[in-house]
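Listed below are the residues making up each chain.
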Amino acid sequence: MVQTHHQPDQAVLRSVLPEDIDWKPFPAFPPSVRLAIVVGDPSEPGPYVIRVKVPSGVKLMPHKHPEDRVYTVLSGVFYIGLGDRFDADKVQAYPPGSVIVLPGNTAHFHWAKSGEYVTQVTAIGPLGLDYLDPGNDPRQQKH
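Here goes a summary of the coordinates provided. (Residues numbered from 1 in each chain as written. Predicted model: local features only at pLDDT ≥ 70, side-chain atom pairs only at ≥ 80, totals over all residues. Heavy atoms only, no water.)

Notes on empty space enclosed by the protein
The condition is simple: Here a cavity denotes grid points, spaced 1 Å and computed from the protein atoms alone, that fit a 1.4 Å probe unable to get out, and a pocket denotes an open set having protein on both sides within 12 Å along at least 5 of 7 lines; residues with an atom within 4 Å of a point are the lining. Grid points are joined across faces, edges and corners, and a volume is the space filled by probe spheres set on the points. Numbered from the N terminus, helices here are DSSP runs of H or I no shorter than four residues, and strands are runs of E no shorter than two.
Applying the stated rule across the entire model yields 1 cavity of 30 Å³ or more. Around the largest cavity, the lining is made up of 14 residues, and of these Phe 29, Val 52, Leu 60, Tyr 71 and His 110 lie nearest the centre. Of all the secondary structure elements, the ones that give two or more residues to the lining of the largest cavity are strand 3 (46–54), strand 4 (59–64), strand 5 (69–75) and strand 10 (117–125). Sort the elements by how many residues they give to the lining of the largest cavity and strand 10 lands first, with 3 residues.

Brief notes about the environment of Lys 59
So the rule is basically this: The criterion used for residue contact is that any of the two residues' heavy atoms lie within 4.5 Å.
With respect to the secondary-structure elements, Lys 59 resides in strand 4. Here the alpha-carbon distance between Lys 59 and Pro 30, two residues 29 residues apart in the chain, equals 8.4 Å. Sequence-distant contacts of Lys 59, that is, excluding residues within four places in its chain, are made with Pro 30, Phe 86, His 110 and Trp 111.

Side note on the layout of surface pockets
Operational definition: Each residue receives one of three labels: charged for Asp, Glu, Lys and Arg, nonpolar for Ala, Val, Leu, Ile, Met, Phe, Trp, Tyr, Cys and Pro, and polar for the others, Gly being one of them.
The space that makes up the largest pocket amounts to roughly 260 Å³. Along the walls of the largest pocket sit 18 residues, with Phe 26, Leu 35, Ala 36, Ile 37 and Pro 42 positioned nearest its centre. Top element by residues in the lining of the largest pocket is strand 2 (residues 34–39). It accounts for 4 residues. Split into classes, the residues belonging to the lining of the largest pocket amount to 11 nonpolar, 2 polar and 5 charged.

Points about the pattern of salt bridges
Spelled out, the test is: A carboxyl oxygen of Asp or Glu within 4 Å of a side-chain nitrogen of Lys or Arg is what we treat as a salt bridge. Partly exposed describes any residue whose relative accessible area lies between the buried limit of under 20% and the exposed limit of over 50%, with all areas from a 1.4 Å probe on protein chains only and scaled to the type maximum.
Tallied over the entire structure, the rule returns 4 salt bridges. With a closest N to O distance of 2.7 Å, Asp 9 and Arg 14 form a salt bridge. Residue classification places Asp 9 among the partly exposed residues on the basis of a relative accessible area of 40%. Note that Asp 22 is salt-bridged to Lys 24, the shortest N-O span being 3.5 Å. Judged by its relative accessible area of 46%, Asp 22 falls in the partly exposed class.

Side note on the sheet that holds strand 11 (residues 130–131)
Counted only if it meets this: Should DSSP find at least two bridges between two strands, the strands are regarded as paired.
The antiparallel open sheet is built from 5 strands, whose spatial order is 7-6-9-4-11. Two strands lie at the open edges of the sheet, namely strand 7 (92–94) and strand 11, each paired on one side alone. Alignment of strand 4 against strand 9 (residues 108–111), held across 3 bridges, turns out to be antiparallel. Paired with Leu 60 across the two strands is His 110, which belongs to strand 9.

Comments concerning the nonpolar core
We apply this condition: What makes a nonpolar core is a set of buried Ala, Val, Leu, Ile, Met, Phe, Trp, Tyr and Cys residues whose side-chain atoms join them at distances within 4.5 Å.
One finds Phe 29, Val 33, Ile 50, Val 52, Val 54 and Phe 78 to be the most contacted residues of the largest nonpolar core, which totals 23 residues. Looking at this core, the elements with two or more residues in it are strand 3, strand 5, strand 6 (78–82), strand 8 (99–102) and strand 10. If near-sequence neighbours (up to four positions away) are discounted, Val 52 is found in contact with Trp 23, Phe 29, Val 33, Arg 34, Leu 35, Tyr 117, Val 118 and Thr 119. In this structure, Ile 21, Ala 36, Val 38 and Val 49 belong to the second largest nonpolar core, which totals 5 residues.

Right, here's the structure in full:
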C-alpha cells in the first residue's frame, strides 16, 4: 500500500467559494485592510494561501516578508514598488490576472492608487511582516 503524505489543510478535496471567504482585520495591516485565510495556517510552518483586500487610497509602507511570496492579482490594479522608502514614482501597476514573484526579505510597498484591489498570496509559512520604519507598523500604534 502506498503511503500518501498531505500538506496541512490539504488532505481532503474541498472548495472555497467567494461567498465563504472570511475577511478579517490583520494586526500588521492598516485598520481598513482585510485578510482572509484560504488554505493552511499562515502562522505555522508549511504552505498557505491568503487573500488581501486593500481599499482605495491605502498605502502599505515599506516592509519585508521573510518568506518568498507569489502574488496573483484577483481584482483591481495592484501597485507595488521596491525599495526601503515609499516612492510614488516607483510603483508598477499590475492588472487582474498578473502574477508577481517576490523573493523573501525584499523591501517593498503597496498602494491602492486607482481603487480597491484584491491579491492572493501563496507562500510557505510562517508568515512574517516587518516594517522598515517601526513607526509605520500598526502593531506599534498607541490606541
